[in-house]
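# Structural overview
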Amino acid sequence: MKKGNGRKFTSATSVPGSRSKSITLYLLLVALITSVSSFAQTSYIIKGKVTDASTGDPIPFANIGIKATVSGTNTNFDGFYQLTFTPPADSIQVTYVGYESRAKAIVPNLAEQTIDIQLTPGTTQLKEVKIFAGENPAWAIIRKIVANKKRNNADDLEAYEYQSYNKIQIDIDNLSEKFRNRKSVKKMTHIVDKYDEVKGENGETIIPIFISESVSDVYYRKNPKKKKEIINKTKVSGVGLTDGSLVSQLIGSSFQQYNFYNNWLNILEKDFVSPISDSWKLYYEYYLADSVSNGSSYDYHIEFEPRQEQDLAFTGSFWVDGETFALTQMDVNVGKKANLNFIEKIKIQQSYELFTDEKTWIPLKTRVLIDVDEPTKQTAGMLLKFYSANSKYKINNPRDPKFYDSAIELKENYKDSDSTFWAKSRPEALSATEQLSFQLVDSLKVLPVVKTYTEILNILVNGYKKIDKWNIDIGPYLFLYANNKVEGHRVRLGFRTDPGFSRKWIFSGYGAYGTKDGEFKYGAGMDYIIDRKPWTMAGISYSKDLERLGVSAETIGPNTLFGAFSRFGAFRRPYWQEDISAYFKRELVKGLTGSVQIRHRNFIPLFPFTYRTNPSAGADSPVKSSFDITEINLETRLANKETFLQNDNERISMGNGNSPAFTFRYTLGVKHLLGGDFNYQKLSFNVKQSFRTGVIGRTYYNVTFGYIPSTLPYPLLYTPLGNESLFYVDNAFNLMRYFEFISDRYIALRMEHNFEGFLLNRIPAIRKLKLRMLATGKMFYGSVSEANLALTKTTDETGSEIQTFSRLKDRPYLEVGYGIDNIFKAGRIDFVHRLTYLNNPNVTPFAVKISFWFSL
């Protein structure tokens, strides 16, 4: 070609001017072609980060493209992207499901540039897909995913362990002008202004009130199924924190687990159905959005949404490996229309990595966002953000089962770390906002207005007012005042020491006074923490107070609200009780706790009561109206899936999952020991469990078997807890009167089934109200031996009839109910029917009971 071109130009020499113009034109053409060729071969780079404008969080898996070209990429899990392109190009565009699309101009002729983009949340809507005749193509893939769940679920490995980095941040968001103009908020203006500076060009101002980081080692084995976390280091800064131990346990990996291979995911104590659950077809619609060749097969991108938008189900998408049918990416969210309270949005994003030695996809990174709605326009909302990154996996090398006995451990030096350690441990550097958060949270929590709100919240949650100067807490405030016919106005004040006083010794006490009876009541206790690993405690207590037969603190149990209100009213069958006890309690192995108690108490009734001291003598038997008892109580509790956290000087149970908890109690009464009047034995066995009942909701049951093979006055037999109040009480028989029945051998069963939104979500007229339906049933069946009946005297010394007790005959006490929960997000109405013993005095066969619960 070059030769041909040369000959052509040579033949044109006959016209000198023409030749000069031709040469010039040729040179210009060559320069232009060279320039264009050079320009076309030059690659340019754009990189940056895509974040949520309202939360500041990175957006993984977002689509990045150059307008009018085929150049494109996706953000990684941390929101970063890098895109190589060749001009011409004028702008970059970002799209993602659930956000408004955004475009930004590209600076021309710049070899490398950074373009960060903030996306504004919009309507979460999947693209329209037309399904033609035949089966939905996504269904065949879902079936293979479900069929391979056992193989791909990391929890079905023999064992694994890894190092986990976790970061949690809690923010105040939706700072409206009305909220900013409130007097209390204006006192924080200088901090709000600081966050205005780093929010970004399209971002919203958020004020972090808590931020934490932790590094821990996690260990798991399948058989027996056990899991353990050792928290190595934590860094915590937040408003209202008095001690880092409880928070440091909560911010670890154990409470940031989201396994989509399980049929149900428990989030905020609610059961969400997984998009790859065994019952996937009942809950979800699916769309095959994309398929990409990976060399040997295809990877599939599937989008999904709930069939019923009020169900606790997800909208989103996932990628699945076409060879193993294992999840490789998961991106889901729950919108405001779901049957949840106070929650604007829940978003979970998860990435997986292929562990090549085992051909297993293991969870690598997880990000969770929970957007709490603002209650009113004058208040602010809240954001809860969790980030977890796992590394250094080891698979199928289980440790000795005893190694896992303590579910969560804190290393002794967990608070000791420097900036160098955290710089090495973080998967990515802290953003400018996160760095600012650590700097300013401490400034925020010392503001007087913040301290005041923190103290008020602490009183509402714990019931005590902290007195830091004396290292004590004053309360509980629920018991501060009561009014009944025996005591008149009852005023009570108590205290307890806090960890600032001692990390070993706990002292407590109270005093009360009744204006009508003019009597002082009082009590004191001392507990000692012998060891925290395993948890071991001992203590002694003493009290002298007025109690009520059938409604004593021992009968009511941990229901403090019912216990406080039971002090009001008629206060029938009152008695004085002086009680002294000592105990020792220890966690023997994980999930198994044993305790022993020695107790002495007396019974001095303020109502007509006598019993025969020698029932074999019949009517000639001497009688008494008071007694003393001394007893030894042995108790064993087995709850092998229960997890405990240590909070200062106490342990907090985080539940037993879906597994049952068993409690066996044996009581031995010893005559003459410390003045005891009786020899006797008591046995009881309790089982309770809460579990998911497939698609129809969650069931809870509590069953107790009891047997008293001894002859005792009826106040020492078993009394089921009745309820004569307007309120529904979970651990009571709600249409049984106080002290209506007595038994010395019995079975007590309580059941409740919560349908959640399973039924009402499917009724168009009312599903927007987010109501939830429930059903309850309770049974008590037992008897009283002839010997115990003979012991009870029915008349006093004057021959006047004494009210004693009722006993069950040939049928059990039964009550059933149904109700509506989540009325105005807090109310519950139960409609309860009593089915048996309707002829007993003052019986109500039907009642409407109300209660109030804070529930999501």
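These numbers were taken from a predicted model, which means no experiment stands behind them.

## Thoughts on the overall build of the protein chain
The number of helices and strands found in the protein chain is 15 helices and 43 strands. Relative to its 856 residues, the protein chain shows a buried fraction of 46%. A sequence separation of at least 24 residues applies to 62% of the contacts in the protein chain between residues at least 6 apart.

## Description of the packing of aromatic side chains
Applying the stated criterion to the full structure yields 49 aromatic pairs. Arranged with centres 6.5 Å apart and planes meeting at 35°, the rings of Phe77 and Tyr387 form a pair that is tilted. Highlighted residues: Phe77 in the loop between strand S3 (72-74) and strand S4 (80-85) and Tyr387 in strand S20 (residues 381-395), separated in sequence by 310 residues. For the pair formed by Phe77 and Tyr387, the shared burial category is buried. Both rings, one in Phe421 and one in Trp422, keep their centres 5.1 Å apart while their planes meet at 80°; by these two values the pair is edge-to-face. On the basis of relative accessible area, Trp422 is assigned to the buried category, the value being 2%. Chaining the aromatic ring pairs together yields one cluster made of Tyr575, Phe603, Phe607, Phe609, Tyr611, Phe627, Phe678, Tyr714 and Phe739. The side chain of Arg399 reaches across the aromatic face of Phe403, ending 5.0 Å from its centre.

## Structural notes on the nonpolar core
Counting 44 residues, the largest nonpolar core has Phe260, Phe314, Phe318 and Ile348 as its most contacted members. Looking at this core element by element, the count peaks at 5 residues for helix H3 (residues 137-147). Aside from chain neighbours lying at most four places away, what touches Phe260 is Leu265, Ser274, Pro275, Ile276, Phe314, Leu327, Met330, Val332, Ile348, Gln350 and Tyr352. With 25 residues, the next largest nonpolar core counts Phe77, Leu83, Tyr165 and Ala389 among its residues.

## So, the confidence of the model for the protein chain
When pLDDT is low, close inspection of the predicted coordinates is not appropriate. With 88% of its residues at a pLDDT of at least 70, the protein chain reaches an overall mean of 84. Confidence drops under pLDDT 50 across residues 1-21; counting only partners more than four residues distant or on other chains, this segment forms 4 contacts. Across residues 23-40 the pLDDT falls below 50, and counting only partners more than four positions away or on other chains, this stretch makes 5 contacts in the model.

## Points about the pattern of salt bridges
Under the criterion given, the structure shown has 47 salt bridges. Here Arg367 makes a salt bridge to Asp78, at a shortest N to O gap of 3.4 Å. Taken as a pair, Arg367 in strand S19 (residues 360-372) and Asp78 in the loop between S3 and S4 lie far apart in primary sequence, 289 residues in all. The class for Arg367 is buried, based on a relative accessible area of 6%. Its salt-bridge partner being Glu161, residue Arg399 comes within 3.2 Å of it at the nearest N-O pair. Note that Arg399 is positioned in the loop between S20 and strand S21 (408-410) and Glu161 in strand S9 (residues 159-173), a separation of 238 residues in sequence. Look at Arg399 and you get partly exposed, because its relative accessible area is 33%. In this structure Glu161 comes out as buried when scored by relative accessible area, which is 12%. Salt bridges here are not isolated pairs; linked through shared partners, they connect Glu487, Arg490, Asp517, Lys521, Asp545, Glu547 and Arg567.

## Re the pairing of strand S42 (residues 827-834)
As defined by bridge partners, strand S41 (residues 813-823) adjoins S42 across 8 bridges and the pair is classed as antiparallel. Its bridge partner being in S42, Ile820 is matched across the sheet by Ile829. Taking the residues that link successive antiparallel strands as the turn, the S41-S42 hairpin has 3 residues, and the phi of Phe824 there is positive, at about 55°. Bridging between S42 and strand S43 (residues 846-852) involves 7 bridges; their strand directions are antiparallel. What sits directly across from Gly827, in S43, is Phe852.

## A short note on the sheet that holds strand S17 (residues 327-334)
The strands that make up a sheet are held in pairs by hydrogen bonds between backbone atoms, and each pair lies either parallel or antiparallel. If you trace the 11 strands from one edge of the open sheet to the other, you get S14-S15-S16-S17-S18-S19-S20-S9-S10-S11-S21, paired in mixed fashion. Every other strand in the sheet has two partners, leaving strand S14 (284-293) and S21 as the edge strands with one partner each. Adjacent strand axes in the sheet meet at a mean angle of 15°, parallel and antiparallel pairs treated alike. Bridge count for S9 against S20 is 13 bridges, and the pairing is antiparallel.

## Examining unusual backbone geometry
Here the amide bond leading from Asn223 into Pro224 is cis, since omega sits at -5°, within 30 degrees of zero. Counting through the fold element by element, Pro224 comes out in the loop between strand S10 (207-221) and strand S11 (226-238). Between Gly475 and the following residue, Pro476, the backbone shows a cis peptide bond with an omega angle of -10°. Following the sequence through the fold, Pro476 ends up in the loop between strand S23 (472-474) and strand S24 (481-484). A positive phi is found at Asn396, a non-glycine position, where the angle reads about 60°. Secondary-structure assignment places Asn396 in the loop between S20 and S21. In this structure Asn396 comes out as partly exposed when scored by relative accessible area, which is 28%. Positioned with a positive phi, Glu756 is a non-glycine residue whose angle comes to about 55°. Mapped onto the fold, Glu756 is located in strand S39 (residues 745-756).

## So, H3
When H3 is considered as a whole, its buried residues turn out to be Ala138, Ile141, Ile142, Ile145 and Val146. The arc enclosing the buried residues of H3, seen along the axis, measures out at 140°, which places them on a common side. Of the surrounding secondary structure, the elements contacted by the buried residues of H3 are helix H4 (149-152), helix H9 (280-283), S14, strand S15 (298-306) and strand S16 (315-320). One side-chain oxygen at the N-terminal end of H3 lies 2.9 Å from the backbone nitrogen of Ala138; it belongs to Asn136.

## Quick notes on a nonpolar patch on the surface
Among the surface-exposed residues, Tyr477, Leu478, Leu480, Tyr481, Val491, Leu493, Leu561, Phe565 and Phe568 lie close enough to one another that they form a single nonpolar patch of about 810 Å² accessible area. Elements with a minimum of two residues in the nonpolar patch: strand S25 (488-497) and helix H14 (560-565). Looking at the secondary structure, you find Leu478 in the loop between S23 and S24. Judged by its relative accessible area of 43%, Leu478 is partly exposed.

Rules and cut-offs
- Residue indices follow the written sequence of each chain, beginning from 1 at its first position.
- With the structure being a predicted model, the display of local features is reserved for residues of pLDDT at least 70 and the display and counting of side-chain atom pairs for 80 or more, all residues being used for whole-chain, interface and lining totals.
- Only hydrogens and water are set aside; all other atoms, that is, all heavy atoms of the structure, feed into the side-chain values.
- In this description a helix means any DSSP run of H or I spanning at least four residues, a strand means any run of E spanning at least two, and both kinds are numbered starting from the N terminus.
- With a 1.4 Å probe rolled over the protein chains alone, any residue whose accessible area is under 20% of its type maximum counts as buried; one over 50% counts as exposed, and the rest are partly exposed.
- We call two residues contacting when some pair of their heavy atoms lies within 4.5 Å.
- Side-chain rings of Phe, Tyr and Trp, where Trp is taken by its six-membered ring, are said to pair if the distance between their centres is within 6.5 Å; with planes under 30 degrees apart they count as stacked, over 60 as edge-to-face, and otherwise as tilted.
- Only lysine NZ and arginine CZ atoms are considered, and such an atom sits over a ring when it is within 6 Å of the ring centre and within 35 degrees of the ring normal.
- We define a nonpolar core as any set of buried Ala, Val, Leu, Ile, Met, Phe, Trp, Tyr and Cys residues linked to one another through side-chain atoms lying within 4.5 Å.
- Values of pLDDT, ranging from 0 to 100, describe the predictor's confidence in every residue of the model.
- One side-chain nitrogen of Lys or Arg within 4 Å of one carboxyl oxygen of Asp or Glu is enough to make a salt bridge.
- Here, strands pair whenever DSSP counts at least two bridges between them.
- Only the stretch in contact is used when a helix axis is fitted, and all axes are lines through C-alpha atoms; the angle between N-to-C directions ranges over 0 to 180 degrees.
- Taking the helix axis as origin, the arc is that swept by the directions to the C-beta atoms.
- Whenever two N or O atoms come within 3.5 Å, that pair is a polar contact, provided that in protein one can donate a hydrogen and the other can accept it, and provided that, for residues adjacent in sequence, both atoms are side-chain atoms.
- The patches described consist of residues with a relative accessible area above 30% and no salt bridge, like charges being joined within 9 Å and nonpolar side chains (Val, Leu, Ile, Met, Phe, Trp, Tyr) within 5 Å.
- Using a 1.4 Å probe, the Shrake-Rupley method yields the accessible areas, and only the shown protein chains count as cover for residues.

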